[in-house]
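So you can see what is in the structure, the chains are spelled out below.
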Amino acid sequence: MTKFNEHPTVVAIRDKSLPVVQESISATELRSLCIEAGAADVGFVNLERPEMDAERDDIVRIFPGTESLISIVCRMNPDSVRSPARNIANHEFHETGDEVNDVARRIVSALAMRGIRAVNPPMAFPMEMDRFPGKMWSISLKPLAVAAGMGHMGLHRNVIHPKFGNFILLGVVLISIKVSEESQPIHFNPCLTCKLCVAACPVGAISPDGDFNFSSCYTHNYREFMSGFTDWVETVAGSSRPEQYRNQVTDAESASMWQSLAYGPNYKAAYCLSACPAGEEVIRPFLENRAAFTADIVKPLQQKEETIYVQPRSDAESYVQKRFPHKRIKRVGAVLRPVSIRGFIKLMQHGFQPGCSKGLSARYHFRFTGEEAAECTVTIQDQKLLVQEGIHGSCDIRVTATSRGWLRLLRKEASIGWLLITLQVRIFGNPALLAAFGRCFP
Ligand code: B12
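One structure accompanies this document, and this report is about it. (Residues numbered from 1 in each chain as written. Predicted model: local features only at pLDDT ≥ 70, side-chain atom pairs only at ≥ 80, totals over all residues.)

What about helix α14 (residues 290–303)?
Stage number 1. Taking 1.5 Å per residue as the helical rise, α14 with its 14 residues ought to reach 20 Å, and the 18 Å between its terminal C-alpha atoms agrees with that figure.
Stage number 2. Of all the bends in α14, the greatest, near 35 degrees, is centred on I297, and the proline P300 appears no more than four residues after it.
Stage number 3. Residues of α14 that are buried in the fold lie against α4 (78–82), α7 (196–200), α12 (271–275) and α13 (284–288). (Helix = DSSP H or I, 4+ residues; strand = E, 2+ residues; numbered from the N terminus. Expected span 1.5 Å × (residues − 1). Bend = angle between axes of the 7 residues up to and from the residue. Contact = placed C-beta atoms within 7 Å.)

So this is what it looks like as structure tokens:
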């Protein structure tokens, strides 16, 4: 057998007959390579940039050799995204999503042929579902795209490209070498703050001041994705007879779930993207006649008769009742169900319903004991939520609970009455404040 240091490859490297590994690549060369691979626009960011602080640990875990990131943009066809017909818009999302993945993969292959190591995390799915309901995606693509000069986030929290508007999907390639010239954020935000995204959203998830109600969007738009699907499975499992299932799920909904499983999950809305007029190449109809633009693009989405999925007694439920009485409201089960106390503390922000907290002003101290000991302070005031790890200041009510008992309460596996009687939850302060807290997280 050939000895390791006499192996032909080792000898070739020693004799320098194999190409030397590059330490950096020119930005111009890399840009042409990416555009040739099918990207509509790209930008480059060094891993050490401060904008990457929140993502760096995850990036290094995925690909320890990462030196730089390529932010990729692919275009969607605006009129397809804007169609009130969900099959047309969803087809556009799926096709462009696949395109982003194909482009990223082609870039990685082209770099590999030059001896440059690279990795292409998927643009959305598949995700690391063992982390569900935590952060399942590899890298948050929006902050990267902003750092790479691909645009800025608008009021609706999607990145708006200065030319293509928000009709883009994002991707990333991690590479093992430096790029000669980095990209920088663009100097203006293409968002016009016209608030048409606010007006179009069927669940009121986008507030005019830029707040985003995650649970409202997730409950409706993602009905046929991970959480909605989990809730649907429980309806199937909890039905003792077909009639009982049919009382809760219409035949059209069952068929729709099948369609999502067979052809890729379908979004229920994405009207925020449809309504957005921004971007050099798409803005003309809006500038020429704002009223006609609203009538053509926004009104059909607002007027569409459709089922809207909401959490019972949530902000979304009262919003739809008031704003869109012609849309059918359907209450569904929880979409944010923590599996750990850490998850509860992290997810609280996403489940909070500002409207339900109207009039409440209180500070809560939570102490969790047992398997997962933890402490946190929660302040609710002026319809805003502040969650801090640890105990801070004085409180209006103190809740001490076993971590196991509290999780069973959140997962609706045990009632608060039972947990209080069995001393798994103890409260020091006005019990009405705990009830008010519960109403903020329906
Ligand atoms: C989780 C997720 C969701 C969640 C949460 C969305 C969200 N706002 O974070 C849900 C399920 C609700 C969702 C919905 C949608 N999503 Co999504 N989603 C993702 C995913 C996987 C991660 C997003 C993420 O980073 N979240 C982190 C949270 C904490 O971000 P955030 O709350 O917006 O936090 C930001 C703000 O604080 C912001 N910020 C800082 N300063 C300021 C200032 C102002 C004024 C504002 C407004 C914000 C802001 O910076 C933070 C970092 O992003 C990405 C794919 C990926 N790997 O990145 C796609 C992605 C963000 N989604 C995308 C799309 C298209 C959608 C939908 C349109 C889907 C659809 N077809 O219906 C809707 C749009 C809903 C909306 N208006 O946001 C695209 C966005 C493309 C673009 N042009 O930006 C992405 C990038 C997928 C892709 N590969 O292209 N999505």
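Overview of the sheet that holds strand β3 (residues 68–75)
Stage number 1. Reading across from one edge, β2-β3-β7-β4 is the order of the 4 strands in this open sheet, with antiparallel pairing throughout. Two strands bound the open sheet, and with one partner strand each, they are β2 (41–46) and β4 (118–119).
Stage number 2. For β4 and strand β7 (residues 168–175), the ladder comprises 2 bridges, and the chain directions are antiparallel. Among the inter-strand pairings, A118 is bridged to a residue of β7, identified as I175. (Pairing = 2+ DSSP bridges.)

Thoughts on the site of the ligand
Stage number 1. Neighbouring residues of the ligand: 31 residues in total, closest S140, L141, V159, L169 and A270.
Stage number 2. Those elements giving two or more residues to the shell around the ligand turn out to be α6 (141–147), β7, α8 (214–221) and α12.
Stage number 3. Top element by residues in the shell around the ligand is α8. It accounts for 4 residues.
Stage number 4. Class assignment of the residues belonging to the shell around the ligand gives a composition of 23 nonpolar, 6 polar and 2 charged.
Stage number 5. Built from parts of two domains, the shell around the ligand gets at least three residues from each of domain 1 (18–179) and domain 2 (196–331). (Near = placed C-beta within 6 Å. Nonpolar A, V, L, I, M, F, W, Y, C, P; charged D, E, K, R; others polar. Domains from an automatic or database assignment.)

Section: the pairing of β3
Stage number 1. Burial runs high along β3: 7 of the 8 residues are buried.
Stage number 2. Relative to β3, β2 runs antiparallel, the two sharing 6 bridges. Across the sheet, the residue bridging to F44 is I70, located in β3.
Stage number 3. Examined bridge by bridge, β3 and β7 share 8 bridges and lie antiparallel to one another. (Buried ≥ 20, exposed ≤ 12 C-beta atoms within 10 Å, placed from the backbone.)

Examining the environment of P431
Stage number 1. Note that P431 resides in helix α19 (residues 431–439).
Stage number 2. For P431, a count of 11 C-beta atoms within 10 Å translates into the label exposed.
Stage number 3. Each C-alpha atom, one on P431 and one on K299, is 45 Å from the other, the two residues being 132 residues apart in sequence.

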